[in-house]
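So the chains spell out like this:
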Amino acid sequence: MKTIDERPVQVQPVRGTRWKKHHAEDVAGRSYTFICAALLIVIILSIVYFVASKGLATFFRDGVSLGDFLFGTTWDPEGNNGEPMYGVLPFIFGSFATSVLAALIASPLSICASLFMTEIVPGWGKKLLQPVIELLAGIPSVVYGFIGLTVVVPFLRNVFPGQGIGIAAGAIVLSVMILPTITSVAADALASLPRGLKESSFALGATRWQTISRVILPTVLPSILTGVVLGMARAFGEALAVQMVIGNAPHIPRSLFESASTLTSVITLDMGNTVMGSAHSNALWSMALALMFMTFVFVMIVRLLERRHRI
Amino acid sequence: MRAKLTDKIATFFIVVFSLLIVAVLVGLIGFILVRGLSHIDWHFLTSVPQTIREGGGIGPQLFNSLFLLVLTLIITIPLGLGAGIYMAEYAKPGKITGTIRLVVEVLSSFPSIVVGLFGLLLIVNTFGFGFSLFSGALVLTIFNLPLMVRITEQAFRSVPKEQKEAGLALGLSKWKIISSVLFPVALPSIVTGTVLAAGRVFGEAAALLFTAGMSTPRLDFTNWNPLSPTSPINPFRPAETLAVHIWKINSEGLAPDAAQIAAGASAVLVILVLLFNLFARWLGGVLYKAMTASKRMG
Amino acid sequence: MNNATFRTEHLSVFYGQYEAVKNISLSFPEKSVTALIGPSGCGKSTFLRSLNRMNDEISQAKIKGRIWIDGVDINDPGTDVIQLRQKIGMVWQKPNPFYKSIYENIAFGPKYHGIKNKAELDEIVETSLRKAALWDEVKDRLKQSALSLSGGQQQRLCIARALSVKPGILLLDEPASALDPVSTAKVEELITDLKKELSIVIVTHNMQQAARISDYTAYFYLGSLMEHDTTEKIFTNPEQQMTQDYISGRFG
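How each quantity is defined
Residues numbered from 1 in each chain as written. Chains lettered and ligands numbered in written order. Predicted model: local features only at pLDDT ≥ 70, side-chain atom pairs only at ≥ 80, totals over all residues. Helix = DSSP H or I, 4+ residues; strand = E, 2+ residues; numbered from the N terminus. Rg over C-alpha atoms; globule rule 2.2 N^0.38 Å. Buried ≥ 20, exposed ≤ 12 C-beta atoms within 10 Å, placed from the backbone. Contact = placed C-beta atoms within 7 Å. Nonpolar A, V, L, I, M, F, W, Y, C, P; charged D, E, K, R; others polar. UniProt positions renumbered as here; feature names shortened; annotations may be inferred. Expected span 1.5 Å × (residues − 1). Bend = angle between axes of the 7 residues up to and from the residue. Axes fitted to C-alpha atoms, helices over the stretch in contact; angles between N-to-C directions. Parallel < 35°, antiparallel > 145°, perpendicular 65-115°, else oblique. Left-handed = near helix turned anticlockwise from the far one by under 90°. Pairing = 2+ DSSP bridges. Right-handed = clockwise from strand over helix to strand, strands pointing away.

(A) Representation of the overall build of chain A. The secondary structure content of chain A amounts to 11 helices and 2 strands. Written out in order from the N terminus, the α and β elements of chain A read α-α-β-β-α-α-α-α-α-α-α-α-α. Taking 311 residues into account, the globule formula puts the C-alpha radius of gyration at 19 Å, and chain A, at 27 Å, lies well above it. When its C-alpha atoms are laid out on the principal axes, chain A stretches across 105 × 65 × 35 Å. Relative to its full complement of 311 residues, chain A shows a buried share of 50%.

So this is what it looks like as structure tokens:
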């Protein structure tokens, strides 16, 4: 090789005040953003700590056994009929019954809506349903409760035996509230399918429904399940809308149209009337602890579903 | 052919159910507006509620909702932006990042009543802020933060990578790139998302029952001293918001026109949330156009 | 050769376990154009990016060997990478102007590096745009968004932006491959002008382009430097058969 020319290129890095400025900027930026992110961890740890410390007092300080608490069917914390009883099974039942029922009602509707948006009429179907879903998501829960009280409950009262309040009313109201959750997850899942999947099915001569039912839905089923679980979690944690239509009797109902309660509804009603530190109050905190625990369970289920789906 | 018949039937049901959902929405909003709009007038929007008499209004509650929203956003936006930027630009795959993601996921699924209870315990009682706008704002921040973080992170991640590289090659510091190159590009999405989140915050009630409270002191709207107890902008006073008020009327409505007040208040709430939605879209679109379109020389 | 002030010394770049750049010692003479040619995926871009430490942004990237610029090892922990990058300009295949006005795109760098005086900034903007052969086309619309320019104009804007901070070296990664022939010709003319003041390293897939505008050419193959010489020699009488094969289009 020939010798290459050797004159300098003038790139001497120089230290000076400018160096200080931009490195100070970087340190400040990194610290500020990290603190904000770390704050999230601090927040959740605080929530868990405080709710748990109050919630566990029921068992450790007031001497209620976990079994009596979770499986007892009598809720009488003020001891109106003798000894105070802290059985919360009616509320656990109510929460699960409304959430599961709401998910059962909402899931088929959501799947239809998402199919409508992505498969049946992809052009204006999306333009129509997307804003509808977003609006449904934006309506505040108290308004849902109000409509439940003034429309759903009277309707149920007229059509079915009973007062119209209860698990059915709660489930119906909740199902509309969780429709957006399930629909958006399902629609996203459908939209991210590779086109080849559909096209190869059509190329084989399948009808659209055959393609949907045999190829598309089985493929996105894990994602849709994720949406359903998220919807259930939302329903499980909903307080005011449910409280307004469920009746709030602390019993396990014998029908869908009899007054019932959920974990959230009893907390809403009773918390304001109890003395902080009393056994009654602590029992409510224990229910809050149960709600928090279920949130973790729901998130874990979602994560498990996502992990299994990741090929 | 059976397959073709099944296809037609299935399609029919899919369309019917989808249109059913549209009908439900239209019905919901129609119902609220029909029942409530007639009750809304200037008097309703500005006067105080009556406990047992007719003719109560929602003035203070409306103000509380708006003011509380502003307070919440003031706290949430810097925190949400910071955390979102960290997740998008600084976080490396690892334990801390994974933990933060899990926290965001869990917090966003948390029942809002539990967050409210936490606020009651820590902010209202332990820190001693009592039932107040400030307590409510802190709790709403916790409630809103996961969404803000997600919005910000997504907005920054969708900025083309080449923008960052161009900044690096010019010798800009990382923070300068984030704040002056990436942030303006991410801004339209962040604004849209924030206004939509604000709509959610505006309608939230469960978290406020035991933090901002279920009552409002007498407010003197001529008193703008934030430290005075009758001033509407004193953040340390109890503040029943519109959403909480609707719930309260429905559970213990003693006034004879409770049903109409609830309907009117619901209508106001729904209309405002709709406006937030529309405003979010419009503003995001305007910002995006301003950023990318050519401007004519004046 | 080992005394050139802008050179690499046994430079290797690893992405995790994969060695993308293998032990390359290459010098870049002052005020000239060196073209890096070779088939796709053979490390040219990775090599180029190490010259201004852009690979720092990739967490799995590791460097062995040294890069010397004016007697300074740029990977030494004591080197200020921000100052370093100010002295080296870079232009990519796809134009990436900031989402700002034309004026702001050019003024942004100098402003950040301390120039506050408006008259001075105006002058820098004009000079940079003139050097990039774009001034006449945009002088009446400096406040318009950079995105309103055509692809070729945007690329020249990116070159002007790189020039605004008065670098001594310009790195170009296939700067014309996304452009139409007319814009390409303009960019090539630009490069030929700029080499009077800067040392330019250009990665290109276009053999004719390399032959047209470069003084020296380095042929890369699978991460290694196969041959490096004056362009004239490489294109008329290369030492290696492989180089000859690539240049005549027999593979790659």
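Next comes the rest of the write-up.
(B) Summary view of the interface of chain C and chain B. Residue-level contacts link 26 residues of chain C with 21 residues of chain B. Per-element accounting of the side of chain C that touches chain B gives the leading share, 4 residues, to helix α2 (residues 81-86) of chain C. Of the residues belonging to the side of chain C that touches chain B, the class tally is 9 nonpolar, 11 polar and 6 charged.

(C) Quick peek at the interface of chain A and chain B. The interface is formed by 68 residues belonging to chain A together with 67 residues belonging to chain B. Top element by residues in the side of chain A that touches chain B is helix α1 (residues 17-60) of chain A. It accounts for 21 residues. Of the residues belonging to the side of chain A that touches chain B, the class tally is 50 nonpolar, 12 polar and 6 charged.

(D) Spotlight on the environment of glutamate 227 of chain C. Residues and elements named next belong to chain C. Tracing the sequence through the fold places glutamate 227 in strand β10 (residues 224-230). According to the C-beta neighbour criterion, glutamate 227 is buried, with 20 such atoms within 10 Å. Between the alpha carbons of glutamate 227 and serine 145 there is a distance of 44 Å; along the sequence they are 82 residues apart. In this structure glutamate 227 touches Tyr219, Ile234, Pro238, Glu239, Gln240 and Thr243, once residues within four positions along its chain are discounted.

(E) Representation of the UniProt feature "transmembrane region" (unreviewed entry) in chain B within the structure. All names here are of chain B. What UniProt calls "transmembrane region" (unreviewed entry) maps, in this numbering, to residues 12-34, 66-88, 100-123, 129-149, 181-202 and 261-288. Helix makes up 100% of residues 66-88 and strand 0%, whereas the separation of the span's terminal C-alpha atoms amounts to 31 Å. End C-alpha to end C-alpha, residues 129-149 measures 26 Å, and it is 81% helix and 0% strand.

(F) Seen up close, helix α5 (residues 141-159) of chain A. Given a rise of 1.5 Å per residue, 19 residues ought to cover 27 Å, and the 25 Å separating the end C-alpha atoms of α5 of chain A matches this to within 8%. Maximal helix bending in α5 of chain A amounts to about 40°, located at glycine 148 of chain A.

(G) Seen up close, the packing of helix α6 (residues 167-191) of chain A against helix α8 (residues 208-237) of chain A. Residue and element names in this part refer to chain A. At their nearest, the axes of α6 and α8 sit 8 Å apart, and the two run at 155° to each other. Judged on the interaxial angle alone, α8 and α6 are roughly antiparallel. In the packing of α6 onto α8, the handedness of the crossing is right-handed. Contacts from Leu174, Ile178, Thr181, Ile182, Val185, Ala186, Ala189 and Leu190 in α6 reach Val220, Ser223, Ile224, Thr226, Gly227, Val228, Leu230, Gly231, Arg234 and Ala235 in α8. Across the contact of α6 with α8, the residue classes tally to 12 nonpolar, 5 polar and 1 charged.

(H) Main features of the environment of glycine 223 of chain C. Residue and element names in this part refer to chain C. Tracing the backbone through its elements, the reader meets glycine 223 in the loop between β9 (216-221) and β10. Classification of glycine 223 as buried rests on a count of 21 C-beta atoms within 10 Å. Residues glycine 223 and glycine 43 lie 180 residues apart in sequence; the distance between their C-alpha atoms is 4.8 Å. In contact with glycine 223, not counting residues within four places along its chain, are Glu19, Ala20, Val21, Lys22, Cys42 and Gly43.

(I) Structural view of the sheet that holds strand β7 (residues 169-173) of chain C. Residue and element names in this part refer to chain C. A sheet is described by the order of its strands in space; here 6 strands give the open sequence β6-β7-β8-β3-β9-β10, paired in mixed fashion. What marks the edges here is a single partner per strand, and that holds for β6 (88-91) and β10. Each strand of the sheet is rotated relative to its neighbour by a mean of 15°, with strand direction disregarded. Examined bridge by bridge, β7 and strand β8 (residues 199-203) share 5 bridges and lie parallel to one another. Of the residues in β8, the one forming a bridge with leucine 170 is isoleucine 200.

(J) How the structure looks around the environment of glutamate 119 of chain A. Residues and elements named next belong to chain A. Tracing the backbone through its elements, the reader meets glutamate 119 in helix α3 (residues 89-120). For the pair glutamate 119 and serine 46, spaced 73 residues apart in the sequence, the C-alpha separation amounts to 45 Å. If we skip the residues at most four places from it in the chain, glutamate 119 touches Leu190, Arg208 and Ile212.

(K) Spatial organisation of the packing of α3 of chain A against helix α4 (residues 122-138) of chain A. Residues and elements named next belong to chain A. Orientation of α3 relative to α4, taken along the N-to-C sense of each, is 145°, at an axis distance of 6 Å. Between α3 and α4, the residues in contact are Ala113, Phe116, Met117, Thr118, Glu119 and Ile120 and Pro122, Gly125, Lys126, Leu129 and Gln130, respectively. By residue class, the composition of the contact of α3 with α4 is 6 nonpolar, 3 polar and 2 charged.

(L) A look at the pairing of β7 of chain C. Residues and elements named next belong to chain C. Among the 5 residues of β7, 5 are classified as buried, and the element is accordingly described as predominantly covered. Side-chain alternation along β7 places Ile169, Leu171 and Asp173 on one buried face and Leu170 and Leu172 on a second face that is also buried. Sheet topology note: the β6/β7 ladder contains 4 bridges and is parallel. Bridging from a neighbouring strand, valine 91 pairs with leucine 172 of β7. Tracing the backbone out of β7, into helix α7 (residues 181-194) and back to the parallel element β8 gives a crossover that is right-handed.

(M) Representation of the sheet that holds strand β1 (residues 6-15) of chain C. Residues and elements named next belong to chain C. Taken in spatial order, the 4 strands line up as β2-β1-β4-β5 in an open sheet, and their pairing is antiparallel. Only two strands of the sheet have a single partner each, and these edge strands are β2 (18-24) and β5 (72-73). Pairing geometry for strand β4 (residues 61-69) and β5, over 2 bridges, is antiparallel. Among the inter-strand pairings, isoleucine 69 is bridged to a residue of β5, identified as valine 72. Contacts between helix α1 (residues 44-51) and the sheet are confined to β1, β2 and β4, with β2 contributing the most and set at about 70° to the helix.

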